[in-house]
Amino acid sequence: MANDFDFVLIAKVLPILLQYLPVTLEILVFSILFGMLLGIGIAIPKLLHINILRQIITIYISFIRGTPILVQLFLVFYGIPILLKIVHIDVTRMDAMYFVIITYTLSNAAAFAEIFRASILTVDRGQIEAAYSVGLNGTQAFVRIIFPQALRVAFPNIANTMISSLKDTSLAFSIGVMDMVGRGETLIASTTRALEIYLALSIVYYVIVMLLEKVLKSNERYLNRYMPKEAVSS
Amino acid sequence: MTIDTAFIFEAFKEISKVLPLTLFMTVTPVLLGIIIGVIVAFVRIQQTKFFAPLLNFYVSFFRGTPIIMHIMLVYFGVPIIVDVLAKAFELNIQSSSIPILFFVLLALTLSAGAYASEIIRSGILSVPKGQLEAAYAVGLTFSQAMRRYILPQAFSKSIPNFTNVFIGFLHATSLAFFLSVKELTGVANIVASINLKFLEAFIAVGLIYWGVSAMVEWLAHRLEKRVTAYNKGGI
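Computed from a predicted structure; not experimentally measured. The residue numbering used here restarts from 1 in each chain and proceeds along that chain's sequence as written. Throughout, the order in which chains and ligands are written sets their labels, letters from A for the former and numbers from 1 for the latter. Note on the predicted model: pLDDT of at least 70 is required for a residue's local features to be given, and 80 or more for side-chain atom pairs to be given and counted; whole-chain, interface and lining totals, by contrast, use all residues. The side-chain quantities take in all heavy atoms of the structure and omit both hydrogens and water.

Q: Give a detailed account of the overall build of chain B, specifying residues and quantitative values.
A: To qualify as a helix, a DSSP run of H or I must reach at least 4 residues; to qualify as a strand, a run of E must reach at least 2; elements of each kind are numbered from the N terminus. Helices and strands together make up the secondary structure of chain B, namely nine helices and zero strands. Listing every helix and strand of chain B by position from the N terminus yields α-α-α-α-α-α-α-α-α. Projected onto its principal axes, the C-alpha positions of chain B cover 70 × 60 × 25 Å. By definition in these notes, contact holds between two residues if any of their heavy atoms fall within 4.5 Å. Long-range pairs, those at least 24 residues apart, make up 78% of the contacts in chain B between residues at least 6 apart in sequence. The method behind every accessible area is Shrake-Rupley, applied with a 1.4 Å probe, and residues are considered shielded solely by the protein chains displayed. Surface exposure of chain B reaches about 12,400 Å², of which carbon and sulfur atoms provide 67%. In this tally, Asp and Glu contribute negative charge and Lys and Arg positive charge; neither His nor the terminal groups of the chain are included. One atom stands in for each charge, and that atom is NZ of Lys, CZ of Arg, CG of Asp or CD of Glu. Where the 17 positive side-chain charges of chain B centre and where its 11 negative ones centre are 13 Å apart.

Below, the structure written as structure tokens:
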């Protein structure tokens, strides 16, 4: 086995794996998008100190942060059909893709909620008072003054969440989604060359993570364009 | 079909028996990872020729790929290396006799090393340069200054990050499930398959992970309070 490590096979399977990159990106885009919406939604009760709701959300966030994404994936995969059966909806034939997107959305929402909450709290209170004093109402002040500043602070953390979420998509295959890794598993079955296939997969992940990091870094610089130069040197 | 709450308890008892193994699989890679991380961080800060670019690649590769890939690459790659070396040096080692747990520990250690090195690096860089100069001014050597001034400060600033790494690797041990290692998730899956009660078993294992994570966070919080006590009353 040692002498026939097959470099050519890596080159051969790369295009096949790349055909399944859209599936990975689909999971990523939907779970980030829904995760952000849900994350903002659940950050609000915490920011506004709405009592019972705030406690439920604290437990939710703590649970998501306290359990492996793999376990969350299994919980959603086995749990949602049972929950929906109580209301007589049969989802046993539902595409595994939906379970994956639901899991990553729930997981990302917890991360985004904490990021948004923390970043909004970093904006100086005087800013909102200043906004009121020039005649803006609460919504306007938030949308025009607070949110853009909070976004700048939050962005590096948002970028980290996106990157780790991209890497987490590699577990979608475990409940039967045909993404890059899922396709890789079938290739391993047909070629019996696990190392080469996993190397090819790693290369694909490495390259897309690097690209995403580059895009996010340039976005970060754009958001920081008003800041004094010495404060953002990196 | 409803949820069998009694079975959650049963599964909880059964699964928690392998908690020590999971903790061992977490603590070992993180501790070894910190040692690797310190070395890597120093080489990268000093920008040593040849080694620094190599280690830059190591860190960026391991941080840029999913941990499941590290486990698979080590599991399928290391035996090949071992066999080649055994053949070349005529050693009596067979890759097939290496326990799977070893591969998982090795993969997680390499992975933890990459994450730890970034934390240590940013920790060291976060200590103002004036501290080092002050240490020199009172006559300390570089290694004394590092040991007595810079590293303690760097570590106290790194505790929250290390807590995250520790919990991250506690969760990463669940990936050993794919190599059929009988850690928490692996046993949960076995318990679930035997009784055909998947949701209950995974609720139980979720509760175990959650409990341990919460405990780690609480301990880290106390530790942080203690080591940053010198900062009381400052900013």
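Q: I'd like to hear about the side chain of S213(B), residue by residue, with values.
A: The topology assignment puts S213(B) in helix α9 (residues 198–227). Buried, partly exposed and exposed residues are distinguished by accessible area as a fraction of the type maximum, computed with a 1.4 Å probe on protein chains only: under 20%, between the cut-offs, and over 50%, respectively. Its relative accessible area of 3% is what places S213(B) among the buried residues. Apart from the residues lying within four places of it in its own chain, the contact partners of S213(B) are G66(A), I167(B), L170(B) and H171(B).

Q: I'd love a proper account of the packing of aromatic side chains, names of residues and values included.
A: Only the six-membered ring of Trp is used, alongside the rings of Phe and Tyr, when aromatic pairs are assigned; centres must lie within 6.5 Å, and planes under 30 degrees apart are stacked while those over 60 apart are edge-to-face, with the rest tilted. Tallied over the entire structure, the rule returns 25 aromatic pairs over all chains. Centre to centre, the rings of Y78(A) and F202(B) are 5.9 Å apart; their planes meet at 5°, and the pair counts as stacked. Taken as a pair, Y78(A) in helix α4 (residues 69–86) and F202(B) in helix α9 lie in two separate chains rather than in one. Note on Y78(A): relative accessible area 22%, which makes it partly exposed. According to the relative accessible area criterion, F202(B) is buried, its value standing at 0%. Between Y75(B) and F103(B), the aromatic rings sit 5.6 Å apart at their centres with planes inclined by 80°, giving edge-to-face as the arrangement. On the criterion of sequence distance, the pair formed by Y75(B) in helix α4 (residues 67–88) and F103(B) in helix α5 (residues 100–126) is long-range, its members being 28 residues apart. By relative accessible area, which is 25% here, Y75(B) ends up partly exposed. Put simply, the rings of F74(A), F77(A), Y78(A), F99(A), F173(A), F177(B), F178(B), F198(B) and F202(B) touch in pairs and so form one group of aromatic residues.

Q: Lay out the interface of chain B and chain A with the relevant residues and their values.
A: Contacts between chain B and chain A engage 37 residues on the former and 33 residues on the latter. When chain B packs against chain A, close to 3,200 Å² is buried across both sides, 79% of that on carbon and sulfur atoms. Summed over both partners, the accessible area (1.4 Å probe) lost when two parts come together is defined as the buried area. In terms of surface lost to chain A, no three residues of chain B exceed M69(B), L199(B) and W210(B), which account for 19% of the buried area on that side. Definition used for salt bridges: Asp or Glu carboxyl oxygen within 4 Å of a side-chain nitrogen of Lys or Arg. Across the chain B-chain A interface, the total number found is one salt bridge. Measuring nitrogen to oxygen at the nearest pair gives 3.4 Å for the salt bridge that ties R65(A) to E217(B).

Q: So, the pattern of salt bridges: which residues are in play, and what are the values?
A: Applying the stated criterion across every chain, the model contains nine salt bridges over all chains. R117(A) is paired through a salt bridge with E114(A); the nearest N and O atoms lie 3.4 Å apart. Residue R117(A) and its partner E114(A) are both found in helix α5 (residues 96–122); the two are separated by three residues, about one turn of the helix. Where K197(B) meets D4(B), a salt bridge forms, and the shortest distance between an N and an O atom there is 2.8 Å. Of the two residues, K197(B) sits in the loop between α8 (184–195) and α9 while D4(B) sits in the segment before α1 (5–16), which places them 193 residues apart along the sequence. The exposure class assigned to K197(B) is partly exposed, which follows from its relative accessible area of 27%. Judged by its relative accessible area of 26%, D4(B) is partly exposed.

Q: Could you give an account of the environment of E196(A), with specific residues and numbers?
A: All names here are of chain A. Its place among the elements puts E196 in helix α9 (residues 194–223). The exposure class of E196 is buried, given its relative accessible area of 4%. For the pair formed by E196 and G184, sequence separation is 12 residues and the distance between their alpha carbons is 10.0 Å. Polar contacts, as counted here, are pairs of nitrogen or oxygen atoms within 3.5 Å of one another; within protein the pair requires one atom able to donate a hydrogen and one able to accept it, and residues that are adjacent in sequence qualify only if both atoms are side-chain atoms. Within polar-contact distance, the side chain of E196 engages the side chain of R193 at 3.2 Å.

Q: Just give me the short version of the packing of helix α8 (residues 180–191) of chain A against α9(A), but keep the residues and values in it.
A: All names here are of chain A. Convention adopted: a line fitted to C-alpha atoms gives each axis, helices being fitted over their contacting stretch, and angles between N-to-C directions are expressed from 0 to 180 degrees. Running from N to C, α8 and α9 cross one another at 160°; their axes reach a closest spacing of 9 Å. Classified by the angle between their axes, α8 and α9 sit roughly antiparallel to one another. The chirality of how α8 crosses α9 is right-handed. Contacts between α8 and α9 involve M180, V181, G184, E185, L187, I188 and T191 from the first element and A194, I197, Y198, L201, V204, Y205 and I208 from the second. Classifying every residue of the contact of α8 with α9 by side-chain character gives 11 nonpolar, two polar and one charged. By definition in this entry, angles of less than 35 degrees are roughly parallel, angles greater than 145 are roughly antiparallel, angles of 65 to 115 are roughly perpendicular, and the rest are oblique. The sense of a crossing depends on the near helix, which, turned anticlockwise from the far helix by less than a right angle, makes the crossing left-handed and, turned clockwise, makes it right-handed. Residues were grouped as follows: Ala, Val, Leu, Ile, Met, Phe, Trp, Tyr, Cys and Pro as nonpolar; Asp, Glu, Lys and Arg as charged; and all remaining residues, including Gly, as polar.

Q: An account of helix α1 (residues 7–18) of chain A is requested, with residue identities and associated values reported.
A: All names here are of chain A. Taking 1.5 Å per residue as the helical rise, α1 with its 12 residues ought to reach 16 Å, and the 17 Å between its terminal C-alpha atoms agrees with that figure. By the burial criterion, the buried members of α1 are L9, I10, V13 and L17. Projected down its long axis, α1 shows its buried positions confined to an angular sector of 95°, all on one face. The exposed set on the far side of α1, more than 90 degrees from its buried face, consists of V8, A11 and K12. Of the residues that open α1, the one with a side-chain oxygen 3.2 Å from the backbone nitrogen of V8 is D6. Multiplying 1.5 Å by the residue count of a helix minus one yields the expected span of that helix. Here the arc refers to the directions that run from the helix axis out to each C-beta atom.

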